[in-house]
Amino acid sequence: MGSFGNSCSGEKTQDDDAIIPLLTSYRMGHFLLSHRIVLAPLTRCRSYGHVPQPHAALYYSQRATYGGLLIAEATGVSDTAQGFPHAPGIWTHEQVEAWKPIVKAVHDKGSIFFVQIWHTGRVSHTAYQPGGRAPFSSTNKKANGKCLMPSGTEYDDYSQPRALETEEIPLVVNDFRLAARNAIAAGFDGVEIHGAHGYLLDQFMKDGVNDRTDQYGGSLENRCRFPLEVVEAIAAEIGPERVGIRLSPFGSHSDSPDSNPEALGVYMANALNKYNILYAHYIEPRVKTSMTTLETNESLASARKAFKGTFLVAGAHTRQSGIEVIESGGADLVAYGRLFLANPDLPRRFKLNAPLNKYARETFYIQDPVKGYTDYPFLDEGHDALVGKEQKKHVRCPFLEEDEQS
Ligand SMILES: Cc1cc2nc3c(=O)[nH]c(=O)nc-3n(C[C@H](O)[C@H](O)[C@H](O)COP(=O)(O)O)c2cc1C
């Protein structure tokens, strides 16, 4: 299984001198993190034929720092898992081998590297399914919304799903287990189970989607059974100290609302404690869908209080809000999506309070191996003069217009 990620124990890094809470060190299980700015999982659609490509080694290593934590993009657990063009997988030997040099490039920089593993369930299309079959879900109700098709440019309605038979569920649990095993074989330090954003596991948890009458539907306990079986199987396979999970109880991404998100978030936090997993990664309640961020009084405080392991948060965080959430004890770590996507040296920029590159939304999901992927400039490539003059001044993060949330 190999040794744990980095070896920053006892060594002084430049960040030890920093005072902002985001740049303080943190012990996450056996992993010693030198700062708390995490790369959020980001689907980038550049793994041709669902096989990770060499350009991903450059992309991830650009974002790697000594003792930093990166979470690789959502990666399919099986040939029925896909729903995005050229999203990577980890169910074949070829995919595992293709991940290895990417993981190595990140480890060579001293980062800790987890991979998010997913199944899209009904947030998919027959075009992604083997034999053009219907995608499966907790339900046979179609998700409202549009699917980005394999061409990478066209959209179509999500396909009509079929509800998984009760006896098929252990087979999908097993796919997750094998994917986690493969992740460790590829060299990853651990896996993040994708239980958020309206994908398969969320389709079971949310009462706005799950209409089952078997032991996987109805009560909160029943709706959370399948995701928890996945957690249990993976923890047994690779060790709970290498397992995280992402949850979005308050979100209704891809048509996945819940009538009592607070109860769902707390129920999962308590249930996860039984498996002693490494971290829980919650999406902030203000992030409702991939297109909307709303001010709200809802909060993750009760889930944070309930969960005993490391607590990550993500969703529309800026440098300032990240500082505040760490300072107030609302989270241990903050994951950044769009800001990290557009600023490969985000921890350094946060340290210097330097200006940020603006992300280009139109290149998020294109297949170009460079454009909008590895060509975002580092500070030294254009901003150094400015930073030299202005680093002591507060520079506001250029935040996101409502219609730019993804
Ligand atoms: C291009 C893009 C791809 C994304 N892909 C994933 C993904 O693979 N898995 C996931 O859980 N979230 C994904 N997200 C959501 C981000 O991880 C993050 O939670 C979201 O962008 C909000 O954080 P931010 O405001 O810091 O960007 C994606 C977001 C973007 C913009």
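Residues numbered from 1 in each chain as written. Predicted model: local features only at pLDDT ≥ 70, side-chain atom pairs only at ≥ 80, totals over all residues.

Named according to an unreviewed UniProt entry, the chain is NADH:flavin oxidoreductase/NADH oxidase N-terminal domain-containing protein originating from Ceratopteris richardii. The heading Cofactor (unreviewed entry) in the UniProt record of the chain holds the text "FMN". (UniProt positions renumbered as here; feature names shortened; annotations may be inferred.)

Caption draft 1: Representation of the overall build of the chain within the structure. Counting its secondary structure elements, the chain contains eleven helices and 16 strands. Looking at the chain as a whole, 51% of its 406 residues qualify as buried. For the chain, the proportion of contacts with a sequence separation of at least 24, taken over those separated by at least 6, is 74%. (Helix = DSSP H or I, 4+ residues; strand = E, 2+ residues; numbered from the N terminus. Buried ≥ 20, exposed ≤ 12 C-beta atoms within 10 Å, placed from the backbone. Contact = placed C-beta atoms within 7 Å.)

Caption draft 2: Representation of helix α6 (residues 261-273) in the model. Spanning 13 residues, α6 covers 18 Å between terminal C-alpha atoms, matching the ideal 18 Å at 1.5 Å per step. For α6, every residue scored as buried is listed here: Pro261, Leu264, Gly265, Val266, Tyr267, Met268, Ala269 and Leu272. Summarising the contacts, the buried residues of α6 are in contact with α4 (200-205), α5 (220-238), β11 (243-247), β12 (279-283) and α7 (301-306). (Expected span 1.5 Å × (residues − 1).)

Caption draft 3: Up close: the packing of α5 against α6. Between α5 and α6, the shortest axis-to-axis distance is 11 Å and the interhelical angle comes to 45°. It follows from the interaxial angle that α5 and α6 lie oblique. Both α5 and α6 take part in a crossing whose hand is right-handed. Between α5, through Leu220, Cys224, Leu228 and Val231, and α6, the contact on the second element is made entirely by Ala263, Leu264, Tyr267, Met268, Ala271 and Leu272. (Axes fitted to C-alpha atoms, helices over the stretch in contact; angles between N-to-C directions. Parallel < 35°, antiparallel > 145°, perpendicular 65-115°, else oblique. Left-handed = near helix turned anticlockwise from the far one by under 90°.)

Caption draft 4: Helix α2 (residues 93-108), seen in detail. Here α2 spans 23 Å end to end across 16 residues, near enough to the 22 Å set by a 1.5 Å rise per residue. Listing the buried residues of α2 in full gives Gln95, Val96, Ala98, Trp99, Ile102, Val103, Ala105 and Val106. The elements touched by buried residues of α2 are α1 (55-62), β4 (69-76), β5 (112-118) and α3 (169-185). The positive-phi residue at the C-terminal boundary of α2 is Gly110, with phi of around 85°.

Caption draft 5: Spatial organisation of the pairing of β12. The element β12 is largely enclosed, with a buried count of five among its five residues. Neither face of β12 is left uncovered, since the one carrying Tyr279, His281 and Ile283 and the one carrying Ala280 and Tyr282 both have all their residues buried. Relative to β12, β11 runs parallel, the two being bridged by four bridges. By the bridge assignment, Arg246 is partnered in β12 with His281. Once the chain exits β11 it traverses α6 before rejoining the sheet at β12, and the crossover so formed is right-handed. By the bridge criterion, five bridges tie β12 to strand β15 (residues 310-314) in an arrangement that is parallel. Across the sheet, the residue bridging to Tyr279 is Thr310, located in β15. (Pairing = 2+ DSSP bridges. Right-handed = clockwise from strand over helix to strand, strands pointing away.)

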